[in-house]
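Examining the three-dimensional arrangement
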Amino acid sequence: MEKWIGKVALVTGASSGIGQDVALALANAGMIVVGIARRAELIALLSTKVTGTGKIYAKKCDVSCENEILETLGWIRREFGGIDVLINNAGIFRYSFITQSETADFRDTFNVNLLATCIFVREAIKDMRERQTIGHVILLNSILGHRVPDVSVPLFGVYPASKYALVGLAEVLRQELNFFKLPIKVTSIHPGMVETDMIKVFDSQLAERLPKLQVEDITSSIMHSLQTPPEVRIDEITVMPAMVSSPSQPSTV
């Protein structure tokens, strides 16, 4: 992580879960981290736990509001000159049938999961381009952005649709960056179920019996992507929990 020491990282959805864990890891690795969320007080508390040479700055921002996004990015430019690394982590999941959802559910999901991502990506790339420096955009996607499992009660809403859209966004962005010959990498992370607040929307019994990842597993994948040398890029990482057999039921060959 030496190349990122003293550089600026923006982490969206940094008040809990994956965002919180990766913000702390980046700061401990020496980065200047701006963590944003509606619950900025939780990020401020996180800043007291930094043990490395970096620092975490907490900013309140509702990513469903473009004005708040642009105001936050303007503050980052004034204070630090712009963004070097974008960790786009904020997301929402409305646990419902599409046919029984409200229009507001559709709008909210796409505003946070897709539209806000487009705005953050556009503005972060502007910063990286103007600063004429290396950069990295990491998009937190989902296994549901690759495939939707066949389950008995498909209460996925439009969340998978918003994540499938991010796959297209990432690929077009890579092609644009290559066209403009910019030294900026784009990596999509596709986790399976992770032990975070988001899974609380699921039926508790279902969530309990499914294997789950820990937030540290996703942070490790992000840190690995950031440490790649200039001639190496990681376009996608799919992270799934291993199916571990219980002692009473040993696996068979």
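Residues numbered from 1 in each chain as written. Predicted model: local features only at pLDDT ≥ 70, side-chain atom pairs only at ≥ 80, totals over all residues. Heavy atoms only, no water.

Brief notes about the layout of surface pockets
When its volume is computed, the second largest pocket comes out at roughly 360 Å³. Along the wall of the second largest pocket there are 23 residues; nearest its centre are Leu 182, Pro 183, Ile 184, Lys 185 and Pro 230. At the level of secondary structure, the elements contributing two or more residues to the lining of the second largest pocket comprise strand E5 (135–140), helix H5 (159–179), strand E6 (184–191) and helix H7 (215–226). A breakdown of the residues in the lining of the second largest pocket according to their chemical character gives eleven nonpolar, five polar and seven charged. (1 Å grid on protein atoms, 1.4 Å probe; cavity = no way out; pocket = protein on both sides within 12 Å on 5 of 7 lines; lining within 4 Å. Points joined across faces, edges and corners; volume = space filled by probe spheres on them. Helix = DSSP H or I, 4+ residues; strand = E, 2+ residues; numbered from the N terminus. Nonpolar A, V, L, I, M, F, W, Y, C, P; charged D, E, K, R; others polar.)

Describing unusual backbone geometry
A positive phi angle, near 50°, is found at Gln 132, a position not held by glycine. In this model, Lys 181 sits at a positive phi of 55°, which is unusual for a non-glycine residue.

Some thoughts on the packing of aromatic side chains
The full count for this structure, using the stated rule, is five aromatic pairs. With centroids separated by 5.0 Å and ring planes inclined at 55°, the aromatic side chains of Tyr 57 and Phe 80 adopt a geometry described as tilted. Within this pair, whereas Tyr 57 is found in strand E3 (residues 55–60), its partner Phe 80 is found in helix H3 (residues 66–80), the two being separated by 23 residues in sequence. Both rings, one in Phe 179 and one in Phe 180, keep their centres 5.1 Å apart while their planes meet at 80°; by these two values the pair is edge-to-face. Through pairs of rings, three or more aromatic residues link up here, namely Tyr 57, Trp 75 and Phe 80. Across the ring face of Trp 75, the terminal group of Lys 59 is positioned such that the distance to the ring centre comes to 4.5 Å. The residue whose ring lies beneath Arg 129 is Phe 180, and the NZ or CZ to ring-centre distance is 4.4 Å. (Phe/Tyr/Trp six-rings, centres within 6.5 Å; stacked < 30°, edge-to-face > 60°. Lys NZ or Arg CZ within 6 Å of the ring centre and 35° of its normal.)

Here's the deal with the confidence of the model for the chain
Looking at the chain as a whole, its pLDDT mean stands at 90, while 90% of the residues score no less than 70. When the criterion is pLDDT under 50, residues 246–253 qualifies, and its contacts beyond four places in sequence or with other chains add up to two contacts. (pLDDT = per-residue confidence, 0-100. Contact = heavy atoms within 4.5 Å.)

Overview of the environment of Val 194
By the element assignment, Val 194 lies in the loop between E6 and helix H6 (204–209). Considered as a pair, Val 194 and Leu 213 are 19 residues apart in the sequence and their alpha carbons are 4.5 Å apart.

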